[in-house]
Amino acid sequence: LWAAANCWWVFVSSTMSESDGSKAIDLDSMSLDQLNQVKQQEEGRLQALTNQFAQIREVAARLKASRDAVSELSPSSEGKDVMVPLTSSLYVPAKLREPNKLLVEIGTGFYVEKSSKDTCAFLDRKLKLVDANSENITKAIQVTRRNVESVNVAAQGKLIEIHARQMGMKERAAAES
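Residues numbered from 1 in each chain as written. Predicted model: local features only at pLDDT ≥ 70, side-chain atom pairs only at ≥ 80, totals over all residues. Heavy atoms only, no water.

A.B. asks: In this structure, what is going on with the packing of helix H1 (residues 32-71) against helix H2 (residues 116-176)? I would like to understand it.
C.D. replies: The description of two packed helices rests on the angle between their axes and on the distance between the axes. Put simply, H1 and H2 touch, their axes get as near as 8 Å, and they point 160° apart. Considering the angle they form, H1 stands roughly antiparallel to H2. When you trace H1 past H2, the crossing you get is left-handed. Taken together, the residues that form the contact of H1 with H2 break down as 24 nonpolar, 12 polar and 12 charged. (Axes fitted to C-alpha atoms, helices over the stretch in contact; angles between N-to-C directions. Helix = DSSP H or I, 4+ residues; strand = E, 2+ residues; numbered from the N terminus. Parallel < 35°, antiparallel > 145°, perpendicular 65-115°, else oblique. Left-handed = near helix turned anticlockwise from the far one by under 90°. Nonpolar A, V, L, I, M, F, W, Y, C, P; charged D, E, K, R; others polar.)

What follows is the structure in structure tokens.
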């Protein structure tokens, strides 16, 4: 399958019906150059999907770490010393003043005050969404890998066909001589 603007392509070595909303591409009817172009496109797509998967897993790890940190907060955490990040490598010491009042980023630069319980619920919802996206990307990676393999098989078949034709021509030329 190949997704482009919500359109899925199924690579097949012979013509196939379009029963599941996908469009079939007959790889056997393509030239070697066309197969190489399709392979390059699919390999590029595979690389992009792999990068997306890595990024989404990083997001999931950050959400889990945030949820774990929030779940450790309790009323007895008040006055506890903490290190607050100003940048990824710069921290300042601070003390927790109200451990049940948290500022949660809900979107690009938008923050809302939430309780620890509500923050954990929010982070769990975000984590479920990220995990669902991760599963979709995993499926797309698997399909793209199969597409690359199908194109490789079709290209190998073309090369064998070309080689057989060349051998046949050599044999005919030798027989005619």
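After presenting the structure, the write-up continues.
A.B. asks: What is the right way to look at the pattern of salt bridges in this model?
C.D. replies: Close approach of charged atoms lets side chains of opposite charge pair. Counting across every chain of the model gives 7 salt bridges. Salt-bridge contacts for Lys95 lead to Asp81; the nearest nitrogen and oxygen are separated by 2.7 Å. With Lys95 in strand S5 (residues 90-95) and Asp81 in strand S4 (residues 81-87), this pair connects stretches of sequence that are 14 residues apart. Shared partners join several salt bridges into a network, and the residues in it are Arg67, Asp68 and Asp124. (Salt bridge = Lys/Arg side-chain N within 4 Å of Asp/Glu carboxyl O.)

A.B. asks: What's the story with the environment of Tyr91 in this structure? I'm lost.
C.D. replies: Along the chain, the position of Tyr91 falls in strand S5. Assessed through its relative accessible area of 43%, Tyr91 is described here as partly exposed. Setting aside residues no more than four positions away along its own chain, Tyr91 makes contact with Met83, Val84, Pro85 and Leu86. (Buried < 20%, exposed > 50% of the residue type's maximum accessible area, 1.4 Å probe, protein only. Contact = heavy atoms within 4.5 Å.)

A.B. asks: Help me understand the nonpolar core in this model?
C.D. replies: As a rule of thumb, nonpolar side chains are buried together in soluble globular proteins. Core analysis: the biggest nonpolar cluster contains 16 residues, and Leu49, Leu63, Val70, Leu123, Val130, Ile137 and Ile141 have the highest contact counts within it. Going through the elements one at a time, H1, strand S6 (102-107) and H2 are the ones with two or more residues in this core. It is H2 that provides the largest number of residues to this core, a total of 8 residues. Setting aside residues no more than four positions away along its own chain, Val130 makes contact with Ile56, Val59, Ala60 and Leu63. Grouped together as the second largest cluster of nonpolar side chains are 8 residues, Leu27, Leu35, Val151 and Ala155 included. (Core = buried A, V, L, I, M, F, W, Y, C linked by side-chain atoms within 4.5 Å.)

All quantities given are derived from atomic positions and should not be read as evidence of function.
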